[in-house]
Amino acid sequence: MTLRPDSTPSLVSPNISNCQLVAPLKLGIMASGNGSNFDVVAQAIQDGRLNAQIQVLIYNNPSAKAAIRAANRGVEAVLLNHRNYKIREELDEKIVQTLRHYDVEWVILAGWMRLLTSVFIDAFPDKIINIHPSLLPSFKGIHAVEQALASGVKITGCTAHIACLEMDSGPILMQAAVPVLPDDTAETLHARIQIQEHRILPLAIALAASSSKTTLSPIHLG
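Conventions we followed
Residues numbered from 1 in each chain as written. Predicted model: local features only at pLDDT ≥ 70, side-chain atom pairs only at ≥ 80, totals over all residues. Heavy atoms only, no water. Core = buried A, V, L, I, M, F, W, Y, C linked by side-chain atoms within 4.5 Å. Buried < 20%, exposed > 50% of the residue type's maximum accessible area, 1.4 Å probe, protein only. Domains from an automatic or database assignment. Contact = heavy atoms within 4.5 Å. UniProt positions renumbered as here; feature names shortened; annotations may be inferred. Helix = DSSP H or I, 4+ residues; strand = E, 2+ residues; numbered from the N terminus. Pairing = 2+ DSSP bridges. Right-handed = clockwise from strand over helix to strand, strands pointing away.

Thoughts on the nonpolar core
Part 1: Within the largest apolar cluster, 43 residues are counted, with the highest numbers of intra-cluster contacts made by L27 and I205.
Part 2: Of the domains in this structure, domain 1 (24-125) and domain 2 (131-160 + 176-211) are the two that each give at least three residues to this core.
Part 3: If near-sequence neighbours (up to four positions away) are discounted, I205 is found in contact with L25, L27, V41, L50, I108 and I129.
Part 4: If you look at the next biggest cluster of nonpolar residues, it comprises 21 residues, including M30, L80, L99 and L109.

Okay, structure coming up:
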C-alpha cells in the first residue's frame, strides 16, 4: 500500500492541540539549511496558533534557504558563518550577543547543524528547543533517518526537546511516531518524518513556555 506523505498515520504524544500563552514569546530561530521548520513556526504565528513573534533568524551557511524564507516573511536574518570562527565558543558567544541584541527569550534550533557549547547553553538555560528526526534517545546525531533504516526498526519519528550540552539530549517535550514502510528510502521516510516535525514543533514551543497544566496522553492522527 502506498500512502501520500501527509496521510501516513502517526502517534503524537502528549495529546494537546493548544497551549494558551498570556504574553507573546520572543523567539530566535537558528537554521543551517532549507528552513522549512522556520516557515512552520512563522505560519503558526500568522494563523494565531502560536502566540509569539520571531525576533531574528540566525543562519551559519551562506547558501541556506532559510534566509530567503525569513526575507519573504519580513524577518531579519543574520549570517554568522562558523568558518569565520577559530573555536566553537567564539561562534556561540557571537550568537548569544546577537540573540540578546534582538531581545530573544526562547531559542529554536530548526535544523541547526552545529554542536552547542556551554557558552550557549548557559546563556539560555532550559530555553533552547531542538527538533530531531528520530524518537530520541535512539539515533542521535546526523543521518538519523539513515540510521533508522540501517537498524531495521519498524517505527521511527521525531522529537522536540529542551537542548542541553550533550548532543540530542535533554528533557523531551513532544514526540511523533512514524512507521517505516517496506519500500522506504531515506528521502521518502524523511519526508514523512518532516511532516510530523511541522505538526509538533509549534505545539512543543507553546508547551515548553506555558505555565498551564496539560493532560499528557497520546493522540492518534490518521
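Some points on the UniProt feature "binding site: N(1)-(5-phospho-beta-D-ribosyl)glycinamide" (unreviewed entry) in the protein chain
Part 1: Mapped onto this numbering, the UniProt entry gives "binding site: N(1)-(5-phospho-beta-D-ribosyl)glycinamide" (unreviewed entry) at G35, S36 and N37.
Part 2: Take S36: it is sitting in helix α1 (residues 36-46).
Part 3: Looking at S36, the relative accessible area reads 12%, which means it is buried.
Part 4: Setting aside its immediate chain neighbours within four residues, S36 contacts R69, Q194 and H198.
Part 5: Secondary-structure assignment places N37 in helix α1.
Part 6: Judged by its relative accessible area of 5%, N37 is buried.
Part 7: Those residues in contact with N37 that sit more than four places away from it in its chain are A110, I131, E197, H198 and L201.

What to know about the pairing of strand β2 (residues 25-31)
Part 1: Counting buried positions along β2 gives 6 out of 7 residues, so the element sits mostly inside the fold.
Part 2: As judged from the 7 bridges shared by β2 and strand β3 (residues 52-59), these two strands associate in the parallel manner. Bridge pairing links A31 to Y59 in β3.
Part 3: The parallel pair β2 and β3, bridged by α1, forms a crossover whose chirality is right-handed.

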